[in-house]
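Observations on the three-dimensional arrangement
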Amino acid sequence: MAGTKAASGVNPSGYETIGSKSLDTSATTATSSASTLHGVRAYDEEHQAPSSTNPNINTNTNSNNAANGYQSLAENAKILMSNAKDRMASIAQDVSMNVNVDTQPIQPNEELGFKDRCMLVYQSARPWSEVFAWGKFNRPTSGEVQARFSHNAETFFYNYVILGVGFLLCLAVVHPWGVLSLLLASYLAFYLYVLHPDPIFLFGSVSLDKVHKHVIVGVALFLALVFGHAGKVFVMTAIFLFVFVGLHSIFREHSEG
């Protein structure tokens, strides 16, 4: 009995000790886990992106950065456009001072008729073999661009005019009404301003002065643009002349030697 008691006394004590150790180990583990979770949460809170903690601040910051970027691009574009505009104005002024074109075919007077002016334009044009002399074309240096443009624009001015009229007539195949309306409006303006610059008397008493001429030409251009669709034809012709004249006058040598 005593041994049994002793054994029974030992076993409860042993179980109690083991239980205490298990409880202590569980408590330590729980404490460690809690500390670990607390540390992870603290790390996450410390390194968390501002957008998660305060999305309003992040959105406002991105909006401000985008607005500043757009404003900077707009300012740079404005500066570039201003510089380009000043440069083009300077080039245009230099060219206008250096280019001397014979304007007799288009001078306003009543002495020359339309046919005579057309003959003057044809006679003032340079030979086409000289215009398209392939051996004269090469890449200009930066200092030759302005000199070439001024010389070639003066030398081949009426060749460019003839090419523009020829291109306009070629467009008649695709846009007949547009070309016809543009030609009629242009001839009307040429007739009123160039062939008859002075007031025109109709029926001996009615006169067409500058104001009446402006009204008539304005109405004719309006009808040509709205009903004849002459605007598209005019833009296409202007683009052709701009590209051709620009390339030809820059890449063709201005020295005739």
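Calculation rules
Residues numbered from 1 in each chain as written. Predicted model: local features only at pLDDT ≥ 70, side-chain atom pairs only at ≥ 80, totals over all residues. Heavy atoms only, no water. Helix = DSSP H or I, 4+ residues; strand = E, 2+ residues; numbered from the N terminus. Buried < 20%, exposed > 50% of the residue type's maximum accessible area, 1.4 Å probe, protein only. Contact = heavy atoms within 4.5 Å. Axes fitted to C-alpha atoms, helices over the stretch in contact; angles between N-to-C directions. Parallel < 35°, antiparallel > 145°, perpendicular 65-115°, else oblique. Left-handed = near helix turned anticlockwise from the far one by under 90°. Nonpolar A, V, L, I, M, F, W, Y, C, P; charged D, E, K, R; others polar. Salt bridge = Lys/Arg side-chain N within 4 Å of Asp/Glu carboxyl O. Expected span 1.5 Å × (residues − 1). Polar contact = N/O pair within 3.5 Å; in protein donor to acceptor, adjacent residues only side chain to side chain. Phe/Tyr/Trp six-rings, centres within 6.5 Å; stacked < 30°, edge-to-face > 60°. Core = buried A, V, L, I, M, F, W, Y, C linked by side-chain atoms within 4.5 Å.

1. A closer look at the overall build of the protein
A tally of regular secondary structure across the protein gives 10 helices and two strands. Listing the helices and strands of the protein from first to last along the sequence gives α-α-α-α-α-α-α-α-β-β-α-α. Within the protein, buried positions represent 19% of all 257 residues. Of the contacts formed within the protein by residues at least 6 apart in sequence, a portion of 75% connects residues at least 24 apart.

2. Quick look at the packing of helix 6 (residues 145-155) against helix 10 (residues 230-251)
For the pair helix 6 and helix 10, interaxial distance at closest approach is 7 Å and the crossing angle is 115°. The angle between the axes of helix 6 and helix 10 places the two elements in the roughly perpendicular class. At the point where helix 6 passes helix 10, the crossing takes the right-handed sense. Taking contact as the criterion, the partners of V145, R148, F149 and N152 in helix 6 are, on helix 10, H248, S249, I250 and F251. Classifying every residue of the contact of helix 6 with helix 10 gives four nonpolar, three polar and one charged.

3. Looking at the pattern of salt bridges
A full pass over the atoms with the stated rule returns two salt bridges. One salt bridge connects R126 with E130, and the closest N-O pair in it is separated by 3.1 Å. Judged by relative accessible area, E130 falls into the buried class, the value being 16%. Where E144 meets R148, a salt bridge forms, and the shortest distance between an N and an O atom there is 3.5 Å. Among the residues examined, E144 registers a relative accessible area of 28% and is labelled partly exposed. Using a relative accessible area of 4% as the deciding quantity, one classes R148 as buried.

4. Quick look at helix 7 (residues 157-171)
Helix length check: helix 7 (15 residues) gives 21 Å between terminal C-alpha atoms against 21 Å at 1.5 Å per residue, within 8%. Within helix 7, the full set of buried residues consists of Y158, N159, Y160, G164, L168 and L171. On its buried face, helix 7 is in contact with helix 4 (114-124), helix 5 (128-131), helix 6, helix 8 (176-195) and helix 10.

5. Looking at the environment of L208
Secondary-structure assignment places L208 in strand 2 (residues 206-208). According to the relative accessible area criterion, L208 is buried, its value standing at 15%. Here the alpha-carbon distance between L208 and D198, two residues 10 residues apart in the chain, equals 8.7 Å. Setting aside residues no more than four positions away along its own chain, L208 makes contact with P199, I200, L202, K213 and I216.

6. Points about the environment of Y160
Among the secondary structure elements, Y160 is positioned in helix 7. Residue Y160 is classed as buried on the basis of its relative accessible area of 5%. Spatially, the C-alpha atoms of Y160 and H248 are 9.8 Å apart, while their sequence positions differ by 88 residues. There is a polar contact of 2.7 Å between the side chain of Y160 and the side chain of H248.

7. Notes on the packing of aromatic side chains
For the coordinates displayed, the defined rule picks out 11 aromatic pairs. Here Y160 and F244 contribute two aromatic rings whose centre-to-centre distance is 6.2 Å and whose plane-to-plane angle is 80°, an arrangement assigned as edge-to-face. Of the two residues, Y160 is situated in helix 7 and F244 in helix 10; the sequence distance between them amounts to 84 residues. For the ring pair F240 and F244, a centre distance of 5.9 Å and an interplane angle of 15° mean the geometry is stacked. With F240 and F244 both in helix 10, this residue pair falls four residues apart, about one helical turn. Since its relative accessible area comes to 21%, F244 is described here as partly exposed. Put simply, the rings of W128, F132, W134, F137, Y160, F167, F240 and F244 touch in pairs and so form one group of aromatic residues.

8. Things to note about the nonpolar core
In terms of nonpolar packing, the biggest core is built from eight residues, these being L168, L171, V179, L182, A185, A224, A230 and V233. Contributing elements (two or more residues each) for this core: helix 7, helix 8 and helix 10. Among the elements that line this core, the one with the most residues is helix 8, at three residues. Setting aside anything within four residues of it in sequence, one finds L168 in contact with V179, L182, L183, V233 and T237. Counting residues in each nonpolar core, the second largest holds five residues, with A189, I200, L208 and V217 among its members.

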